[in-house]
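# What the coordinates show
One-letter residues, chain by chain:
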Amino acid sequence: MLERLAKSQTAAAEEAVGRACAEAFTVLREGSQYDALEFALDVLGIVGFRRSKDAVTALSQFLRTVENRELQHPEEFSGWGASLSKHRDSHTLMTKAIKVTSGLRYLETAAVTEVLLWAAVHPEESVRKAASDALRDLAKYNLSVFYGTEDKSRRGIGAAPQMVVLDTLESKVDSFLLAHLGGVLTLLEGLLSTSMESARWSSTAVTLSRAVTPAAGDVPAVRRRSVDLLKNIYGFAETKRQKLSVIRTLNAAARAESRSAGDKDYAAMIAANAKEVLGLFAHIAEREPDFQIVQKVEHDSYWIHFHSPSDEVRSAALVVKAIIDANAEYTIYKTLIGFEGVFGEWTGRRADGSYITAAQERRAADAKVLAARIPEDGFGVWRQRILTFAQTESNDMATFPVFYEFLSDVAGSYPDFALDLLVNESDRLSAFLIPILRGVWDSAKQAELLLLIKRWIDDASTDARSHLYACAKLFLSTKSVNLDLLERILAKAVELRDAYVLRQVAAVGVARTPDSSQHEALKDLFLHAIRHLTALGDARWVSDIWYRKEVKEVVAELDSTERQEVLRNLRFLPQIEYQAEDVLAVIAERDPSAVIDYLCARVYEPNDKAQEAADESGDIYEELPYQFHALHEKLAANAPMVVQRVFEWYRKDSTLFLYRGAKLLQLVFPEFPETFQASLGSLIRTAGEAELHFVASVLRAYDGQSFIHSVAKQLIQELPPGSELLNEVSIALQSTGVVSGEYGMSEAYENKRLEVLDWLEDPRERVRAFAAKYIADLEAMRDDERRRADESIALRKFEYGEE
């Protein structure tokens, strides 16, 4: 009703809309009932545009105060416990309020910008994400807003919203822009977008449109001012991360849409922006002491050169290259670090990617030359270089393979130098300790290093930064393994309750088992670590080392007691993913019943500690996966045992069996093989009540697929007329899984009817009687669904004004 009234301009409609908005404003300002607050937001989402200024003010105030209110919930939610705060808390309401605010962005652009920038730095991730998405929508160009709607019901306003956003940003002081940098850059990236989109809805379709942002109206000015503001922000940016973020956003100004070929004005606009960006890049390349930033400039300049059709832009990019090439110290950095560096000439053909391999090989060779000349250059010079290069930030240490091998070579060739670094600079080199430790361990200075590591172990505490992980991982690739030292590391990790280090000790125990002289001791080390990880409720070692072939070899040779220890630990997995499946499959080959019991225990005896750990880490706890990738093949070979084991668990607890034991059987036997059918048939023939209920529930887990028909008919034959289980069989057969189309359900029921027509000719009277009733029910449901679809289509057409 409100949606209809909001489109009306009558006095009565105006009064009704005003009253609805006033009530919503009052609730948002004073209310604490969750449902009332949620409804008030729904109301403003529909009619708020009629009181847009007041609506944004009310929403802004609500966002800033709702966290301080003690929210009230209806009585029916009293048993929800912690789940209530997860799904119906102040942050859920804030996320919704942000979406409502975003809907008013073209009416109150400046005010909405202020609100969203505030929300974009909120401590709660879900609020930040909602704000970031809304900022993206605010800044980007929309076809219908820019040009107007196709039916001419609304005229276009060009880049007016983008100009208001820029006015708002340019009015801010430097400290505000830095404090809200993430949101500011999201806006500026949107303002520099080279494409615009829109969506048009009808009763039957959604039409998505996309076009190139034209070099017309205020667009060139928006882009020029955006680049100027970014250059200004770079000038007062304080940290490396801030500077890199600004450079990434600036790069958007030099990108062009491929579909714009032939538009001279568009090409000139992009070229002008690109030259501005490259001018700043040249300035950075000349003066920036941080080589990671210079590397980013080089990387982006190369790709601007690569993609630009403009000779002037390519020339400007080559100026940046010349400045960078003249920096000898950066050349050393690029050789050793260089994960974004560009090697070779920029004008060569790069289409096949072979230059990447060649560059990597050349870097490795050059790194060895650099290592050899360290005494000539001076250990003091290289000490500073190593410490400086080690400050390069990355979320993936695999981006430093050349530097890793370089440090290992240096440590092996100059162990005294490396030991000095470890003694005096271990904290600054914490991300790169492993290759240095490895090089020294395999050198003549192993005894001195052993004393240092023992001191680190003794000094390790929960308050101090620990090198235990690096000390353990060291032994993944050394020539020899010191078991006594590993045991000391394990003992300290147990004392500190450090699962991260324990997992690494387990990894070493597995990875080094091919060492025949210490095979049993290393296997015991692995099991020792697993026991302590179980005590800590941690099973993540599987994800760390599943890919190593030694894992399968070690697990394969475990005895029954040892396998149970591993399975006990795996109870703490939040989900059974393919890594854990590989380990379980090895156990299933030797002891399938133990794996079935493990899986049944997961669904019938959920591990509360594992669920709590999953919640704390933001993971989703799932007793069973959506499907198995390989484990089912090992278990399906033992169908009678699997069915019997699951049935035994069912006898103990039959509640929610469809989602527990039946789901497990469907995962193990996804194709309903004959061996499985035979095992279910054996249970049916006992005619026991528990057995018959068990089979009926199992059939329901298969979404009505036709391969269950044979067992279904066996079950029907055993059931007396009027049995409640006949309804269960009907439900199992009627299940359709996913359907599509307006008449999808009606067509699915018709297909179900056709599948069982031959049942009417079955020699068994009970099967024929069931089929007659079942087919009649399907026909009635088919016709009902068709009528419902017709009504739904008519209603949608009415809503969209098509009839």
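A brief structural summary. Computed from a predicted model, the values in this text were never measured in an experiment.

Thresholds applied
- Residues numbered from 1 in each chain as written.
- Predicted model: local features only at pLDDT ≥ 70, side-chain atom pairs only at ≥ 80, totals over all residues.
- Heavy atoms only, no water.
- Helix = DSSP H or I, 4+ residues; strand = E, 2+ residues; numbered from the N terminus.
- Buried < 20%, exposed > 50% of the residue type's maximum accessible area, 1.4 Å probe, protein only.
- Contact = heavy atoms within 4.5 Å.
- 1 Å grid on protein atoms, 1.4 Å probe; cavity = no way out; pocket = protein on both sides within 12 Å on 5 of 7 lines; lining within 4 Å.
- Points joined across faces, edges and corners; volume = space filled by probe spheres on them.
- Axes fitted to C-alpha atoms, helices over the stretch in contact; angles between N-to-C directions.
- Parallel < 35°, antiparallel > 145°, perpendicular 65-115°, else oblique.
- Left-handed = near helix turned anticlockwise from the far one by under 90°.
- Nonpolar A, V, L, I, M, F, W, Y, C, P; charged D, E, K, R; others polar.
- Pairing = 2+ DSSP bridges.
- Patch = residues over 30% accessible without salt bridge, like charges linked within 9 Å, V, L, I, M, F, W, Y side chains within 5 Å.
- Areas by Shrake-Rupley, 256 points an atom, 1.4 Å probe, with all protein chains shown as cover.
- Salt bridge = Lys/Arg side-chain N within 4 Å of Asp/Glu carboxyl O.
- Expected span 1.5 Å × (residues − 1).
- Phe/Tyr/Trp six-rings, centres within 6.5 Å; stacked < 30°, edge-to-face > 60°.
- Lys NZ or Arg CZ within 6 Å of the ring centre and 35° of its normal.
- Polar contact = N/O pair within 3.5 Å; in protein donor to acceptor, adjacent residues only side chain to side chain.

## A few points about the overall build of the protein
What the protein contains, in helices and strands, is 44 helices and 2 strands. Taking the principal axes of its C-alpha atoms as reference, the protein extends roughly 95 × 90 × 55 Å. Taken across its 803 residues, the protein has 50% of its residues classed as buried. Put simply, of all contacts in the protein between residues at least 6 apart along the chain, 73% involve residues at least 24 apart.

## Structural notes on the layout of surface pockets
For the second largest pocket, the calculated volume is near 600 Å³. What lines the second largest pocket is a set of 26 residues, among which I434, Y469, K473, Y500 and Q504 lie closest to the centre. Broken down by secondary-structure element, the contributors of at least two residues to the lining of the second largest pocket are helix 24 (433-441), helix 26 (468-473), helix 28 (499-511) and helix 30 (541-545). Sort the elements by how many residues they give to the lining of the second largest pocket and helix 28 lands first, with 5 residues.

## Here we look at the packing of helix 25 (residues 446-459) against helix 27 (residues 483-496)
Axis separation between helix 25 and helix 27 bottoms out at 10 Å; the angle between their running directions is 15°. Taken together, the axes of helix 25 and helix 27 lie roughly parallel to each other. As helix 25 runs across helix 27, the sense of the crossing is left-handed. Residues L450, I453, K454, I457 and D458 of helix 25 form the contact with helix 27, whose own contacting residues are L485, R488, I489 and K492. Along the lines of polarity and charge, the residues of the contact of helix 25 with helix 27 split into 5 nonpolar, no polar and 4 charged.

## Notes on the pairing of strand 1 (residues 195-201)
Across 7 bridges, strand 1 lies against strand 2 (residues 206-212) in antiparallel orientation. Its bridge partner being in strand 2, M196 is matched across the sheet by A211.

## Describing unusual backbone geometry
Located in the positive-phi region is L656, a residue other than glycine, with phi close to 55°. Within the secondary structure, L656 is located in the loop between helix 37 (639-652) and helix 38 (661-668). Positive phi outside glycine occurs at D703, with the angle close to 50°. In this fold, D703 is placed in the loop between helix 40 (689-700) and helix 41 (709-718).

## Quick word on a nonpolar patch on the surface
A cluster of nonpolar side chains, namely W201, V206, L208 and Y800, defines an oily patch on the protein surface of about 470 Å² accessible area. With respect to the helices and strands, W201 occurs in strand 1.

## Quick look at helix 44 (residues 765-799)
The end-to-end C-alpha distance of helix 44, which contains 35 residues, comes to 51 Å, matching closely the 51 Å that a straight helix rising 1.5 Å per residue would cover. Within helix 44 the residues assigned to the buried category are V767, F770, A771, Y774, I775, L778, E785, A789 and I793. For helix 44, the secondary structure elements touched by its buried residues are helix 41, helix 42 (724-734) and helix 43 (744-755).

## Regarding the side chain of R88
Summarising the element assignment, R88 is placed in the loop between helix 5 (82-87) and helix 6 (90-102). R88 gets classed as buried once you look at its relative accessible area, which sits at 11%.

## Details of the pattern of salt bridges
Evaluation of the coordinates by the stated rule reveals 63 salt bridges. Across the pair E197 and R210 runs a salt bridge, and its minimum N-O distance is 2.7 Å. Separated by 13 residues along the polypeptide, E197 in strand 1 and R210 in strand 2 bring together distant segments of the chain. For the salt bridge of D300 with K296, the shortest nitrogen-to-oxygen distance reads 3.4 Å. You can see D300 and its partner K296 sitting in helix 16 (residues 291-307), 4 residues apart, about one turn around the helix. This pair shows no difference in class: D300 is buried, exactly as K296 is. Here the salt bridges do not stand alone but share partners, grouping E750, R753, E779, R782 and D783 into one network.

## Notes on the packing of aromatic side chains
Inspection of every chain in the model, using the stated rule, returns 37 aromatic pairs. Ring centres of F669 and F676 lie 4.2 Å apart, and the angle between their planes is 10°; on these two criteria the pair is classed as stacked. The burial state of F669 is the same as that of F676; both residues are buried. Seen in terms of ring centroids, W759 and F770 are 6.3 Å apart; in terms of plane orientation they differ by 35°. Their pairing is tilted. Note that W759 is positioned in the loop between helix 43 and helix 44 and F770 in helix 44, a separation of 11 residues in sequence. In this structure W759 comes out as buried when scored by relative accessible area, which is 2%. Taken together, the ring pairs connect F339, W382, F400, F403, Y404, F406 and F432 into an aromatic cluster. Its guanidinium or amino end placed over the ring of F176, K172 lies 4.7 Å from that ring's centre, counting from NZ or CZ. Against the face of W649 rests K652, its NZ or CZ located 4.2 Å from the ring centre.

## A few points about helix 14 (residues 240-251)
For helix 14, spanning 12 residues, the distance from its first C-alpha to its last is 17 Å, which sits close to the expected 16 Å at 1.5 Å a residue. Counting buried positions along helix 14 gives 10 out of 12 residues, so the element sits mostly inside the fold. Along helix 14, the residues classified as buried are K240, Q242, K243, L244, S245, V246, I247, T249, L250 and N251. On the buried face of helix 14, the contacting elements are helix 11 (174-179), helix 12 (181-191), helix 13 (219-236), helix 15 (264-287) and helix 16.

## What to know about the environment of D538
Mapping D538 onto the fold places it in the loop between helix 29 (519-535) and helix 30. Residue classification places D538 among the buried positions, given a relative accessible area of 5%. C-alpha separation for the pair D538 and Y414, spaced 124 residues apart in sequence, amounts to 40 Å. Polar contacts involving the side chain of D538 include one to the side chain of R503, which spans 3.1 Å. A distance of 2.5 Å separates a polar atom in the side chain of D538 from a polar atom in the side chain of R540.

## Quick word on empty space enclosed by the protein
Considering all chains together, one arrives at 2 cavities of 30 Å³ or more under this definition. Lining the largest cavity are Y106, K140, Y141, N142, V145, F146, G158, P161 and Q162. The set of elements that each furnish at least two residues to the lining of the largest cavity consists of helix 9 (143-147) and helix 10 (160-170). Here the lining of the largest cavity is composed, by residue class, of 5 nonpolar, 3 polar and 1 charged. By volume, the second largest cavity is sized at about 40 Å³. As for the second largest cavity, its lining consists of I386, L407, V410, A411, F417, A418, L421 and I436. Contributions of two or more residues to the lining of the second largest cavity are made by helix 22 (401-413) and helix 23 (415-425).

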